[in-house]
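Summary of the model geometry
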Amino acid sequence: MLSFIHNSYPVRVIFGDGTLQSLPDEVTRLGTSRLLIVTTSSQSMIAQEMAKRLGSRVVGIFPGATMHTPIDVTEKAMNLAKETDADAIVAIGGGSVTGLSKAIAVRTDLPQIIIPTTYAGSEMSAILGETKNGEKITQSSERIRPEVVIYDVDLTMNLPVALSGVSGINAIAHAIEALYAKDGTPIINLIALEAIGALARALPVIARTPQDRQARTDALYGAWLAGVCLGSVSMALHHKLCHTLGGSFNLPHAEIHTIVLPHALAYNAPAIPGVMAQLRTALATEDPARTLWDLAGVVGAQRSLAELGMSDDGIDLATERALARPYPNPRPLNREAIRATIARAYAGASPVTA
Ligand code: NAD
C-alpha cells in the first residue's frame with residue numbers, strides 16, 4: 001500500500017550561470033533595503049564586489065564565519081546586525097556561512113538570501129547546528145529555512161578539487177539517506193535518485209578537469225536536489241555518525257561524510273533491499289557501497305578517520321554517542337555491528353555488508 005505525507009517548502013531558487021546578477025532584483029523583490037552580508041575571510045573579495053553592486057543597500061559586511069557555527073562568532077555578527085539595523089542577510093559561501101546566516105535568522109527572523117559556493121546543501125534545510133563550549137546543539141525551525149537561494153555555477157568553478165569531491169559526496173549522503181527516511185515520499189525519492197546520478201557522474205569529471213562547466217553545472221544541480229532531500233525528510237544512521245564524529249573530535253564536516261557514507265550504507269543494506277536496487281541503477285554498479293568508497297578514491301579524498309586525526313580510543317566513545325539518542329534508522333542499531341562499522345571507517349577499510 002502506498003501511503004505518505006508530503007510537505008513542500010517555499011524556498012525561491014534561482015539557478016544558472018551568472019545568476020549572481022539577479023541579486024539586486026531579489027533584494028528589491030523581498031522589499032528589504034538594509035543588507036548585512038556574511039561570508040568567510042577567504043571569500044571577502046567577492047563579498048566586497050557584491051556590496052559594490054548593491055550600493056547603499058549594504059549596511060555591513062561580516063567576513064568572520066567559521067566551521068561549526070560557534071556561538072561567540074554569531075554574537076559578534078548579531079551585534080553588527082543590531083548596530084546597523086539590518087533588515088535582511090545575504091550570505092555567500094559554503095555551509096559554514098549558511099550556518100552563520102541561519103544562526104542570525106533564528107534569533108531575529110530576518111529574511112535570508114543564500115548564495116552557496118559549495119555542495120553542502122544546508123541552504124535548503126531548516127536545520128541549524130551550533131557549537132557552544134565544544135558541544136554541538138542542533139535545532140530545527142521554519143525561521144531557519146532561507147527565503148531565497150541563488151545558485152551561480154560561476155561561483156563554483158574555482159572550488160578546489162579536494163573540497164569539490166568531499167562536498168559533493170556530502171550531498172550524495174543527504175540523497176541516499178532520503179531514500180530510506182522514515183518520512184520519505186515518492187517525490188523526494190525521485191529527487192534523491194536524480195541528485196545521486198548527477199553528482200556521481202559529475203564528481204569524477206571535476207576531479208580530472210575542474211573547469212568542466214557541464215560537470216560543475218551537474219554537480220551544483222545535484223547539490224540543490226540533495227539539499228531539497230535534506231530539507232524535506234529525516235536523516236538516519238549516517239548523519240548521526242557524522243554529527244557524533246564531528247562534534248566529539250572536531251573533524252572536518254564534508255571529509256567525515258565522505259569516509260563514513262560507504263560504511264553506513266553497508267550497515268543498512270540488509271534492511272533496504274529496494275533502495276539498494278535503486279542505487280545499483282543510479283550508480284550503475286552491482287555494489288553501491290563499494291562504488292562510493294571507490295568514488296572517494298577517485299576524487300582524491302581520505303578514506304580513514306585516523307588520517308583525519310581521530311585516535312583509536314575514539315571508536316568506543318563514538319559508538320556510545322551514536323547509540324545515545326539515535327536517529328530513526330531502517331536497520332535496528334546493534335552495538336557490536338555499529339562499533340565494527342566505525343572501526344572500518346577509522347581504519348580506511350573497504351565497506352562490508354554484514
Ligand atoms: P565550509 O563552508 O566550511 O567551507 C570550507 C572552506 O572552503 C572555507 O574556508 C570556505 O571559505 C572555502 N570555500 C567555500 N566555497 C569556496 C569556493 N567556491 N572557492 C574557494 N573556496 C571556497 O564547508 P562546507 O562543507 O560547505 O560546509 C560545512 C559546514 O556546513 C559545517 O559546519 C556543517 O555542519 C554545515 N552544514 C549544515 C547543514 C545543515 O543543514 N544545517 C548541511 C550541510 C552542512
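Notes on the structure follow.

About the thresholds
Every chain begins its residue count from 1, and numbering advances along the sequence as written. Only residues with pLDDT of at least 70 are given local features in this predicted model, and only at 80 or more are side-chain atom pairs given and counted; all residues enter the totals for whole chains, interfaces and linings. Only hydrogens and water are removed before side-chain values are computed, so all heavy atoms of the structure are retained for them. For this analysis, a salt bridge means a side-chain nitrogen from Lys or Arg found within 4 Å of a carboxyl oxygen belonging to Asp or Glu. A run of H or I in DSSP becomes a helix once it reaches four residues, and a run of E becomes a strand once it reaches two; helices and strands are each numbered from the N terminus. Accessibility here uses a 1.4 Å probe with only protein chains present; expressed as a share of the type maximum, an area under 20% marks a residue as buried, one over 50% as exposed, and anything in between as partly exposed. To pair, rings of Phe, Tyr and Trp, with the six-membered ring standing in for Trp, must have centres within 6.5 Å; the planes then decide the type, stacked if under 30 degrees apart, edge-to-face if over 60, and tilted in the middle. Two thresholds decide whether a charge sits over a ring: the Lys NZ or Arg CZ must be within 6 Å of the ring centre and within 35 degrees of the ring normal.

This part takes up the pattern of salt bridges. For the structure shown, the criterion picks out eight salt bridges. Notably, a salt bridge pairs Arg12 with Glu26, separated by 2.8 Å at the nearest N-O pair. Remark: Glu26 occurs in helix H1 (residues 23-30) and Arg12 occurs in strand S1 (residues 12-16); sequence separation between them is 14 residues. Look at Arg12 and you get partly exposed, because its relative accessible area is 33%. What makes Glu26 buried here is its relative accessible area of 5%. The partner of Arg213 in a salt bridge is Asp17, and the shortest N-O contact between them spans 2.9 Å. Here Arg213 is found in helix H7 (residues 213-230), whereas its partner Asp17 is found in the loop between S1 and H1, with 196 residues between them in sequence. For Arg213, a relative accessible area of 36% corresponds to the partly exposed category.

Looking now at the packing of aromatic side chains. With the rule as written, the count across this model stands at two aromatic pairs. An angle of 45° between the planes, with centres 5.9 Å apart, marks the rings of Phe15 and Tyr151 as tilted. You can see Phe15 sitting in strand S1 and its partner Tyr151 sitting in strand S8 (residues 148-152), a full 136 residues away along the chain. Taking the relative accessible area as the measure of exposure, Phe15 reaches 31% and is therefore partly exposed. For Tyr151, a relative accessible area of 0% translates into the label buried. A centroid spacing of 6.3 Å and a plane angle of 55° characterise the contact between Tyr221 and Trp224, whose relative ring orientation is tilted. Here Tyr221 pairs with Trp224, and both are found in helix H7, just three residues apart, close to one helical turn. Take Tyr221: its relative accessible area is 27%, and that puts it in the partly exposed class. Residue placement shows Arg145 over the ring face of Tyr9; its charged tip is 3.7 Å from the ring centre. Positioned above the aromatic ring of Tyr267, the side-chain terminus of Arg331 is 4.0 Å from the ring centre.

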